[in-house]
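Now for the letters of each chain:
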Amino acid sequence: MKVLGTALYLADLELPGALEAAFVRSPVAHATFSPIALPAGVYDAASLGLEPITVEGPGLVVSRWPPLAEGRVRYPAEAVAVALAADRHHAEDLAESVFFDYRPVTGEPLHPEAPDGVLFRHHFTGGDLTGELGRAARVVERTFRTARQTPLPLENRGVAAAPDGGRLTVWTSTQVPHLARALIARCLRLPEDAVRVITPEVGGGFGLKAHVFPEEVVVAALALKLGRPVRWVEDRRENLLASAHAHEEEVGIKLALDGDGRFLAADATVVADVGAYSIFPFSAALEPMTTAQTLFGPYALRAFRFAARGVASSRCPAGAYRGVGMNAAAYATERMVDIVAAELGLDPLELRRRNVVAEFPFRSAAGRNLDSGDYRGLLDRLEPGYGELRRRQASARAEGRLVGIGIGIFNEHSGTGATEYRGRGVTAIPGNDRAEGRLVGIGIGIFNEHSGTGATEYRGRGVTAIPGNDSARVRVSAEGRIEIFTSGAEAGQGHPETYRLLAARELGVEPALVDVLEGDTDACPPGSGTFVSRGAVGGLSSLVEALREVAEMDLAPGLDVTHSVDPRQVYPSGAHLALVEVDTTACIPRVLAYHAVEDCGTIVNQAAVEDQVRGGIAMGIGGVLLEEFAYGGDGQPLSSTLLDYLVPLATDMPRDVTLEHIESPSPYTALGSKGVGEGGTIGAFAAVANAVADAVAPLGVTLTDLPYSPDRIFTAIEAAQALPG
Amino acid sequence: MKAAPFAYHRPRSLDEALDLLAEHGGDAKALAGGQSLVPLLALRLAQPAVIVDLAEVPELKQRTGGRVGAMVTNAALERDPAGLPPPAVAALPHIGHFQVRNRGTLGGSLAHLDPAAEWPALALLLDARLTLRSRDRGERTLTPAEFIRGPLTTALEPDELLTSVAFPDWPADGRWGFAEVARRPGDFALAGAACTVLDGRRRVVVFAAGRLPQLLAEGDPIAVNGDLHAGAAYRLAIAGRLVEKVLAEAGERP
Amino acid sequence: MITVNGRPHPVDVEPRVTLADFLRDSLRLTGTHLGCEHGVCGACTVLLDGEAVRSCLVFAVQAEGHEVRTVEGMSGEGRPSPLQLAFERRRAFQCGFCTPGFLATGQALLDSGRTLSRENLPELLAGNICRCTGYAPIIDALLDVVDPGR
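Bear in mind the structure is a predicted one, so any value in this text is a computation, not a measurement.

### Some thoughts on the overall build of chain C
Check the secondary structure of chain C and you find 5 helices and 5 strands. If you list the helices and strands of chain C from N to C, you get β-β-α-β-β-β-α-α-α-α. Rg of the C-alpha trace for chain C: 15 Å, near the compact-globule value of 15 Å for 150 residues, within the 12% margin. Here chain C, with 150 residues, has 65% of them falling under the buried criterion. Total accessible area on chain C stands at roughly 5,100 Å², and carbon and sulfur atoms take up 48% of it. Within chain C, the 18 negative side-chain charges are centred at a point lying 7 Å from the centre of the 14 positive side-chain charges.

### With respect to the domain arrangement of chain C
Residues and elements named next belong to chain C. In terms of domains, chain C is made up of domain 1 (2–73) and domain 2 (82–146). Here the C-alpha centroids of domain 1 and domain 2 sit 20 Å apart. Across the contact, 15 residues belong to domain 1 and 13 residues belong to domain 2. Here domain 1 packs against domain 2, burying approximately 990 Å² in sum over the two surfaces, 62% of which is carbon and sulfur. Between the two partners, domain 1 and domain 2, sit 0 salt bridges.

### Quick word on the domain arrangement of chain B
All names here are of chain B. Taken domain by domain, chain B holds domain 1 (7–166) and domain 2 (175–249). The C-alpha centroid of domain 2 is placed 23 Å from the C-alpha centroid of domain 1. With both chains or domains summed, domain 1 and domain 2 bury close to 1,800 Å², and 72% of this area falls on carbon and sulfur atoms. Connecting domain 1 to domain 2 are 1 salt bridge. A salt bridge links Arg203 to Asp127; the shortest N-O distance between them is 3.8 Å. Looking at the side of domain 1 that touches domain 2, the elements that each hand over two or more residues are helix 4 (86–91), helix 7 (118–126) and strand 8 (148–150). Considering every element that reaches the side of domain 1 that touches domain 2, the biggest residue donor is helix 7, with 7 residues. Across the side of domain 1 that touches domain 2, the residue classes break down as 16 nonpolar, 4 polar and 3 charged.

### Some points on the sheet that holds strand 21 (residues 482–486) of chain A
Residue and element names in this part refer to chain A. Taken in spatial order, the 4 strands make up an open sheet running 22-21-20-23, and their pairing is mixed. The sheet is open, and its two edges are formed by strand 22 (514–518) and strand 23 (560–565), each paired on a single side. Along the sheet, successive strands turn relative to each other by an average axial angle of 15°, direction set aside. Note: strand 21 against strand 22, 5 bridges, orientation parallel.

### Some remarks on unusual backbone geometry
Following Phe280 of chain A, the chain continues into Pro281 of chain A via a peptide bond in cis, with omega recorded as 5°. Structurally, Pro281 of chain A is set in the loop between strand 14 (263–275) and helix 7 (286–294). With omega at -10°, the peptide bond leading from Leu706 of chain A into Pro707 of chain A counts as cis. With respect to the secondary-structure elements, Pro707 of chain A resides in the loop between helix 15 (679–696) and helix 16 (710–722). Positive phi, normally seen in glycine, also occurs at Cys587 of chain A, with a value near 60°. Positionally, Cys587 of chain A belongs in the loop between strand 24 (573–582) and strand 25 (589–599). Judged by relative accessible area, which is 4%, Cys587 of chain A ranks as buried. Positioned with a positive phi, Asp127 of chain B is a non-glycine residue whose angle comes to about 55°.

### Examining the interface of chain B and chain A
The interface is formed by 25 residues belonging to chain B together with 32 residues belonging to chain A. Of the roughly 2,400 Å² buried where chain B meets chain A, counting both sides, 61% is carbon and sulfur surface. Considering only the side of chain B, the residues that lose the most area to chain A are Arg183, Arg184 and Leu228 of chain B, jointly responsible for 30% of the buried surface there. Where chain B meets chain A, there are 3 salt bridges.

### What to know about the interface of chain A and chain C
On the side of chain C, 48 residues touch chain A, which itself brings 50 residues to the contact. The largest per-residue losses of area from chain A upon contact with chain C belong to Val3, His89 and Leu154 of chain A, which jointly make up 19% of the total buried on that side. Across the contact surface, chain A and chain C share 7 salt bridges. The partner of Asp611 of chain A in a salt bridge is Arg91 of chain C, and the shortest N-O contact between them spans 2.9 Å. Seen at the junction of chain A and chain C, the total is 23 residue pairs in polar contact (both at pLDDT 80 or more). When residues in the side of chain A that touches chain C are grouped by element, the largest group, 8 residues, is from helix 14 (residues 606–625) of chain A. Looking at side-chain class alone, the side of chain A that touches chain C contains 25 nonpolar, 12 polar and 13 charged residues.

### Quick notes on the confidence of the model for chain C
The share of residues in chain C with pLDDT of 70 or more is 100%, and the mean pLDDT across the chain is 97. Model confidence for the complex is summarised by a pTM of 0.95, with the ipTM given as 0.99.

### Focus on the pattern of salt bridges
Per the stated rule, a full pass over the model turns up 79 salt bridges over all chains. Between Glu627 of chain A and Arg131 of chain C there is a salt bridge, and its shortest N-O distance comes to 3.0 Å. Placement of the pair is Glu627 of chain A in the loop between helix 14 and strand 26 (656–661) and Arg131 of chain C in the loop between helix 4 (121–124) and helix 5 (136–146), with the two residues belonging to separate chains. In terms of burial, Glu627 of chain A and Arg131 of chain C fall into one category: buried. Across the pair Asp144 of chain C and Arg90 of chain C runs a salt bridge whose closest N-O atoms are separated by 2.7 Å. Of this pair, Asp144 of chain C sits in helix 5 while Arg90 of chain C sits in the loop between helix 2 (82–89) and helix 3 (99–112), and the two are 54 residues apart along the sequence.

### What to know about the sheet that holds strand 1 (residues 7–9) of chain B
All names here are of chain B. The sheet built from 3 strands is open, its strands ordered 1-3-2 with parallel pairing. The open sheet terminates on both sides in strands that have one partner only, identified here as strand 1 and strand 2 (28–31). Strand-to-strand twist across the sheet, computed as the mean angle between neighbouring axes with direction ignored, equals 20°. Sheet analysis places strand 2 next to strand 3 (residues 50–53), joined by 4 bridges and oriented parallel. Following the sheet pairing, Ala28 is matched in strand 3 by Val50. On the sheet, helix 1 (residues 14–24) packs against strand 1, strand 2 and strand 3 and is oriented at approximately 165° with respect to strand 3.

### Details of the environment of Ala586 of chain A
Locating Ala586 of chain A in the fold gives a position in the loop between strand 24 and strand 25. Residues Ala586 of chain A and Phe714 of chain A, spaced 128 residues apart in sequence, show a C-alpha to C-alpha distance of 7.7 Å. For Ala586 of chain A, the contacting residues outside a window of four places in its chain are Pro710 of chain A together with Val181, Tyr234, Ile238 and Arg241 of chain B.

### What about the environment of Ser314 of chain A?
Residue and element names in this part refer to chain A. If you trace the backbone, Ser314 turns up in the loop between strand 15 (303–312) and helix 8 (325–344). Along the backbone, Ser314 and Gln636 are 322 residues apart, and their C-alpha atoms lie at a distance of 9.5 Å. Discounting residues that sit within four places of it in the chain, Ser314 has contacts with Ala29, His30, Arg74, Tyr75, Pro76, Leu110 and Tyr631. Reaching out from Ser314, the side chain makes a polar contact with the backbone oxygen of Arg74 at a distance of 2.9 Å.

### Quick word on the state of the cysteines
Under the counting rule described, the total for this entry stands at 0 disulfides over all chains. Cysteine Cys36 of chain C remains unbridged, with the sulfur of Cys41 of chain C as its closest cysteine sulfur at 3.9 Å.

### Examining the side chain of Asp599 of chain A
All names here are of chain A. Within the fold, Asp599 resides in strand 25. For the buried Asp599, no salt bridge is present, and the opposite-charge side chain at shortest range is Lys674, 4.9 Å distant. From its side chain, Asp599 meets the backbone nitrogen of Gly601 in a polar contact 3.0 Å long. Reaching out from Asp599, the side chain makes a polar contact with the side chain of Ser664 at a distance of 2.5 Å.

### Points about the nonpolar core
Among the nonpolar cores identified, the biggest contains 237 residues, and Leu255, Phe263, Leu295, Phe296, Val688 and Tyr708 of chain A together with Phe87 of chain C are the most heavily contacted of them. Residue contributions to this core peak at 9 residues, all from helix 15 of chain A. Within the second largest apolar cluster, 37 residues are counted, among which are Ala76, Leu92, Leu125 and Phe207 of chain B.

About the thresholds
Residues numbered from 1 in each chain as written. Chains lettered and ligands numbered in written order. Predicted model: local features only at pLDDT ≥ 70, side-chain atom pairs only at ≥ 80, totals over all residues. Heavy atoms only, no water. Helix = DSSP H or I, 4+ residues; strand = E, 2+ residues; numbered from the N terminus. Rg over C-alpha atoms; globule rule 2.2 N^0.38 Å. Buried < 20%, exposed > 50% of the residue type's maximum accessible area, 1.4 Å probe, protein only. Areas by Shrake-Rupley, 256 points an atom, 1.4 Å probe, with all protein chains shown as cover. Lys, Arg positive; Asp, Glu negative; His and termini not counted. Charge placed at Lys NZ, Arg CZ, Asp CG, Glu CD. Domains from an automatic or database assignment. Contact = heavy atoms within 4.5 Å. Buried area = accessible area lost by both parts, 1.4 Å probe. Salt bridge = Lys/Arg side-chain N within 4 Å of Asp/Glu carboxyl O. Nonpolar A, V, L, I, M, F, W, Y, C, P; charged D, E, K, R; others polar. Pairing = 2+ DSSP bridges. Axes fitted to C-alpha atoms, helices over the stretch in contact; angles between N-to-C directions. Polar contact = N/O pair within 3.5 Å; in protein donor to acceptor, adjacent residues only side chain to side chain. pLDDT = per-residue confidence, 0-100. Disulfide = S-S within 2.5 Å. Core = buried A, V, L, I, M, F, W, Y, C linked by side-chain atoms within 4.5 Å.

Structure representation (structure tokens):
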């Protein structure tokens, strides 16, 4: 039990005889090196002979990522070798004694397959963009930048492996147990059923742990090679430098409007810095596509075009972080809407009301099939609070204080399914072809989001490694206990509680009679894991189907049914309102009040929904005001401790947070639920940013680059005040 | 992040501690509260062969009037600030978090000399006297300007310990101000300023803005340094505003 | 000897082993977690002679002759403490990794006799990081113990 301190995370597991690992990591960004004679207990790429990590798909250049570097390192802290000892202290001593001669490389592309450094590119056009631009009464252009960040769950990564008969058991702090099994088996050249993956208690994921990493492959290989258990517990420095980064994007938008402030069309370029390798399983396509496809998501555009690129750099590979590219999309879109409102002299809430999608289902110009929603209803719920905040702002401004109000309205996709992935050239894992209950689900998820998409769905992304389905198995024991096994893997979202609630409802049993297991690939039916908020989409749909079958069979002891759902992407939405003050002495922004209206479809467990929204908002506040991973001019990482990389503390949260709910059930999920793990963050990226911008707008400042740190706010104010007139 | 190996000693007297430092010299580091040193050890940025733990050296915990032993914790000073001048009392809650203040010491902070820390700036502002002692050369007393050599660098020789800090008496009609700004409470300040007005004479210190805490004479430019958290221009502007703020505070306080 | 949750234990580890690692590895009290090992996140917070400290910044040998209380020592006679119960009721945790550290910090604040309020708690809790909850439920849990009638 977590409050008793008895929950067992990866580092807590008893593994008798286990060796502890410490990685030897590159001190430089891009360099070649030669093999050296290694001391006993240290292993390099040659001693393990592993297949590289690769991800394929349309638009992608395949980057070849050896789990331990082979003669070349491409980012600082990349794993080069691994040292084993009886405990981590001695493993670090051993690792410290190993020196490779790195010969820095300059002027050479990181990957010969991508001579221009572009690992992913995609274009899309929908509607008559040229025509709409021609008809426009006004065209507004801006470029926005979001900062490199990292999910920073409080529990670092960790993996242990042990041989077990002819098989290999791997414990890993992961959100994707079946994908971990698949990649580990592939890189070790084993059949998948020779590998069993078990997740212990996971201390936060937020997308970080929805990837499968070189370290997991290496530890599994070591256990196999040495015939004994091996464990690696990541430390925070490694987690900051070498796990996964995210969110570093430049979004250029050209928005065409008519004379009444109606948005006609948008033309966007999205460039994401994706780091040194295409990360598994989401690839270099994730962020540029989730951003590009989500731009202007809640708005009824007549035409839309985007050009999206994922560009390599000598930095930590980028992947999923709660909200993924949807944060940048909501941020850029909503900042743009406020900028337009200011130019037109219109109230920002009114401008949004004029332009949001009003009828559902709706096929957007970006090609997204919005299943259900009530965007005007979201705005209506904000209206009273908005009026009150404008009054508070007026009196604060009268005192000379810089107080701003920001609105963010967004929709997102959740639950990307097999059909979606296949449509994009994704290769599904065989055996999950059940067609019934195919649920369209791509909600722009808050949740360990992957395969970022923008306005268009995952089409053209071609992430080959994600099966796309979600499954649930329900067993009735001889004593009448209900046992639930799912393909999900929570990291604190409270899946067991929600599943018990559902089982009680569908079966009429006491929740105490229900046992839940996730994260054991031997017992749990295969699926995609937990990210892109799919838990409430394919996850709950497959569980409901299985429970209903069990109910139909009168809960007969011995029943063992499994249902797999190929979800259709669905679209949660939310509208957030933030009140921010920027202090006039040191330009420090503080969120004073927050109002979130969210629509995640049918609510199954309201307390869990609110948990996610609150936590999501906190991360969005961090994303806008605090979180930034910095590299120096020499390519060296600067944010190597938690005093460098800042995350929100209790003092960063607004005192007043009001949460409201609207339910627009999705027609495509069994219960109408859509997922809510990421909306809090996506909405906050928009609302908090707009509030800061609104706070300093009277000084003639336009803010476009995140994070809105005190220094950036100050610099923008100084620049605006220095302008003539 | 595990420290490299070291030999550990926990002397029971000042003489014993100084013996150890004389014997091991540059291979030894004194351990006070550990809030600054232990992270460096964990990151392997420091790898002393010998650690001399000062926790059980009673002489270093003594307090008499304005003289405070080097091993007195910030928390102890918060609980009982007797003998501390008001600017120091005002600064205490800004030092890290209460958990850090439970362990962190006055002497440890001064010996570590982080440029953004409050104690070096306060010592400079209050013109404290720092007493150093070694086995072979005995005691010497330095002014803050003599003690502060550079960022993370003091006048302490490898065989020396800072044993106590003496603050001058605070006159009843003394006035003062203290202000710092940080992005989050407990973070190192982005800029800080403090002042005293004693016998009509004004004394101003700026800290966290530049390489070192700076005693600012009339007309002096504020020396600034940019880093990850804030650029030089920001620090210059904000430090300037804080100087005005603390002077205004000093003007208002009786 | 170091007294941990009321029981004495010899400290038979290298001096460089932190109190956190000693508790976790030698005593198998794994409730105290390592989130950063450089004294910022607070996940490793324990009570040392009743004071909340970061156990990753104390070497085990330093704690010889002292008393340590960890999350495992907060339930008396198998009953969770009022604070632990309040955390459950208020959903003051999700992934649970920061929870033992917050319980130690919270218990220290409750034991200190200091007045705790919605106004001062955020700053008093600023030495502990939570990535999941947004902090409000943790503050609510503490206020429940301060004022059980509320």
